[in-house]
Amino acid sequence: MDSGQLFDAVIVGGGLAGTTVAAELALTAPPDFRLLLIDAGGEPGPGTAYAAPSNRLFMNGTARAMSAVPGDKHHLVRWLQTEPETALISRRAFGRYLSERFREALKMRPAFESAHAEVVDVAPGDGAFTIVDAHGGERLARHVVLALGNFEPDYGFLPPALSRHSGFVADPWRFAASRLPRHGDALVVGSGLTALDAIALLDEMGFDGRIHIVSRRGLVPCVDNPFAHALDPRSLDLDTSTPYRLLQTLRATARRHVAAGGDWRDVVEAIRTISPRIWTGWSERDRKRFLRHLQAYWSIHRYRVPPKTAAVYDRLRREGRLIRHRGQITDAAELANGRVRVEVTGPMGKDTLVVSATINCTGPNGNYERVRHPLVAALLRRGVMRPDSLRLGIDATPELRVRDARGNAHERLYALGPPLRGIFYETTAVPETREQAAHIARLIAGERTRLRLETAS
Ligand SMILES: Cc1cc2nc3c(=O)[nH]c(=O)nc-3n(C[C@H](O)[C@H](O)[C@H](O)COP(=O)(O)OP(=O)(O)OC[C@H]3O[C@@H](n4cnc5c(N)ncnc54)[C@H](O)[C@@H]3O)c2cc1C
């Protein structure tokens, strides 16, 4: 690839978000449209989320809900061929599905290409952005899409003796479980879906010790029911004006629905379809209140654990090998035998654990000021983007245009997926991402078609 080539669009990030924008552009952009997708990882498609290190890590939604193609809800079910629409398929299989879709886009479009590189800067210029990679390679692009996904969890709050220990896993989505010790006690920090996946991985690799889970509230995700179906939110008697009114009316609605023989998950799914509207309708004060007081409870109902993963967790608990601790890690020290002594302080007092491995499952780091990534650092330093006011990601318009340090929207710099949590709250899952991808593709293709017509006339 030549340095300095001008592309109509460069997509940074080749996970679900980036490859779906590319696939949508393959369907809608003018024939001579030039696109480059750059990813620092492996083959474009799986990204971080769907390059799962095991076949036993599952999607947390049914195949019926996870099509990557906007407007074609059965696309994934048709691709799977033999699985029913209620199947909770493995994340790896979903990664293969995304790769295949991207490869098809490349086949359809000779002027689409992909590159393996880490982008470290995107500098706005006169009519084009300069995209710089870690080897100093430069490309020019009229439009840039930031599809950066999730950054590994923050660990600055952990005692250094723990986070610098050789058995500490900072990235819970890409670690090789086989490298961890099989015996002794392990510690999982956090108790959400990633924590349950980490426990399933430890179990799969034959770990035979005890696993301690530490989390501030001690909450664990509810089990999913593949047969749950979102109700029409318009049919529900909900007051969404503030988080507390929503909580009250949501509980009452769910109770009524269960009493009538339904599943409470149907009500949660109904809310999920209107979450961005609810979120943008709340004041900043209410959003902060939600994050502080209600988010943890909402999360365990909304992000549910696949039954097969829950079964591993239940079995380990029955065997007495899984121990939950409610509290915070307040101290740690490395011992002469190479293990770490960890102190957990909670409402019931102090617990002392001695562990040989720790997996940090405290959730993606959305606070961009604390993300250790050269591209993020460069974009903040240059004022090309700014964190959103809640520090959940980056600031952007509802049209998905990135805002600069002064709050002005870039005309041709877009973002989608997890970085937009502060803007929409519900923005990371497949259904939301595919709609955002289609929207960005429409904007880019539309602008390019307009330009073409103007040049021709
Ligand atoms: C472990 C996990 C499981 C999930 N499971 C589900 C699920 O079952 N159902 C569901 O609906 N949602 C799920 N989600 C949520 C959602 O689907 C994912 O967050 C989604 O895949 C995000 O896609 P993405 O493309 O934005 O990000 P990612 O998958 O994180 O991909 C981002 C890509 O960008 C690349 N990249 C980043 N920065 C650069 C750079 N500077 N230069 C080059 N490349 C770069 C990375 O290498 C990566 O390949 C899951 C999320 C995670 C983390």
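In this report, the structure presented in the accompanying data block is examined. Numbers given for residues are sequential positions, taken from 1 along each chain in its written order. Local features in a predicted model are, by the rule used here, given only for residues with pLDDT of at least 70; side-chain atom pairs are given and counted only at 80 or more, and totals for whole chains, interfaces and linings are based on all residues. Computation of side-chain values: all heavy atoms of the structure, hydrogens and water removed.

In what follows, salt bridge is the name for a side-chain nitrogen of Lys or Arg lying within 4 Å of a carboxyl oxygen of Asp or Glu. With the rule as written, the count across this model stands at 30 salt bridges. Put simply, E85 and R64 hold a salt bridge, and the shortest N to O gap is 3.7 Å. On the criterion of sequence distance, the pair formed by E85 in the loop between α2 (75-80) and α3 (91-108) and R64 in the loop between β2 (35-39) and α2 is long-range, its members being 21 residues apart. Three labels apply to residues, based on accessible area from a 1.4 Å probe with only protein chains included: buried if under 20% of the type maximum, exposed if over 50%, partly exposed otherwise in between. Looking at E85, the relative accessible area reads 32%, which means it is partly exposed. With a closest N to O distance of 2.9 Å, D232 and R234 form a salt bridge. According to the relative accessible area criterion, D232 is partly exposed, its value standing at 34%. Looking at R234, the relative accessible area reads 75%, which means it is exposed. Salt bridges sharing partners connect three or more residues here, namely D224, E269, R272, R304 and E432. Put simply, DSSP H or I for four residues or longer makes a helix, DSSP E for two residues or longer makes a strand, and each gets a number counted from the N terminus.

Another aspect to go through is the nonpolar core. Put simply, buried Ala, Val, Leu, Ile, Met, Phe, Trp, Tyr and Cys residues joined by side-chain atoms within 4.5 Å make one nonpolar core. L25, I131 and V144 are the most contacted members of the largest nonpolar core, which totals 54 residues. Contacts were defined at the residue level, with two residues in contact if any of their heavy atoms lie within 4.5 Å. When residues no more than four places from it in sequence are discounted, the contact partners of L25 are F33, L35, R109, F112, A441, I444 and A445. Ranked by size, the runner-up nonpolar core spans 29 residues in total, among them A195, V312, L316 and A357.

What follows covers the layout of surface pockets. In this structure, the second largest pocket encloses a volume near 450 Å³. Taken together, 20 residues make up the lining of the second largest pocket; nearest its centre are L247, L250, Y297, W298 and H301. When residues of the lining of the second largest pocket are traced back to their parent elements, those giving at least two are α6 (243-259), α7 (264-281) and α8 (284-302). A total of seven residues in the lining of the second largest pocket trace back to one element, the largest contributor, which is α7. For cavity detection a 1 Å grid was placed over the protein atoms alone, and a set of points counts as a cavity when a 1.4 Å probe fits there but cannot get out; an open set counts as a pocket when protein lies on both sides within 12 Å along at least five of seven lines, with lining residues being those that have an atom within 4 Å of a point. Grid points are joined across faces, edges and corners, and a volume is the space filled by probe spheres set on the points.

Taken together, 32 residues lie around the ligand, and A17, D39, Y50, N60 and T428 are the ones closest in. In this structure, an oxygen atom belonging to the ligand sits 3.1 Å away from a main-chain N or O atom of L16. We define a polar contact as two N or O atoms separated by no more than 3.5 Å, with the added condition that, inside protein, one atom must be a possible hydrogen donor and the other a possible acceptor, whereas residues neighbouring each other in sequence contribute only through side-chain atom pairs. One nitrogen or oxygen atom from the main chain of A40 is found 3.1 Å from a nitrogen atom belonging to the ligand. Reported accessibility uses the Shrake-Rupley method at a 1.4 Å probe radius. Residues are deemed covered only where the shown protein chains occlude them. Relative to its free-state accessible area of 980 Å², the ligand is covered by the protein chains to the extent of 92%. When contributions to the shell around the ligand are tallied by element, the ones reaching two or more residues are α1 (16-28) and β2. We define proximity as follows: a residue is near a molecule or strand when any one of its heavy atoms falls within 4 Å of that partner.

What follows concerns empty space enclosed by the protein. Under the definition given, this model contains one cavity of 30 Å³ or more. Here the largest cavity defines a volume of roughly 40 Å³. Around the largest cavity, the lining residues are P53, L57, R91, P172, W173, T194, D197, A198 and L201. The element that contributes the greatest number of residues to the lining of the largest cavity is helix α5 (residues 193-204), accounting for four residues. Under the convention adopted here, Pro, Cys and the residues Ala, Val, Leu, Ile, Met, Phe, Trp and Tyr are nonpolar, Asp, Glu, Lys and Arg are charged, and Gly plus all remaining residues are polar. Tallied by class, the residues present in the lining of the largest cavity amount to six nonpolar, one polar and two charged.

With that settled, consider unusual backbone geometry. With glycine set apart, most residues show a phi of negative sign, and most peptide bonds adopt trans. The phi torsion at R391 lies on the positive side, around 60°, for a residue other than glycine. Positionally, R391 belongs in the loop between α10 (374-382) and β15 (401-403).

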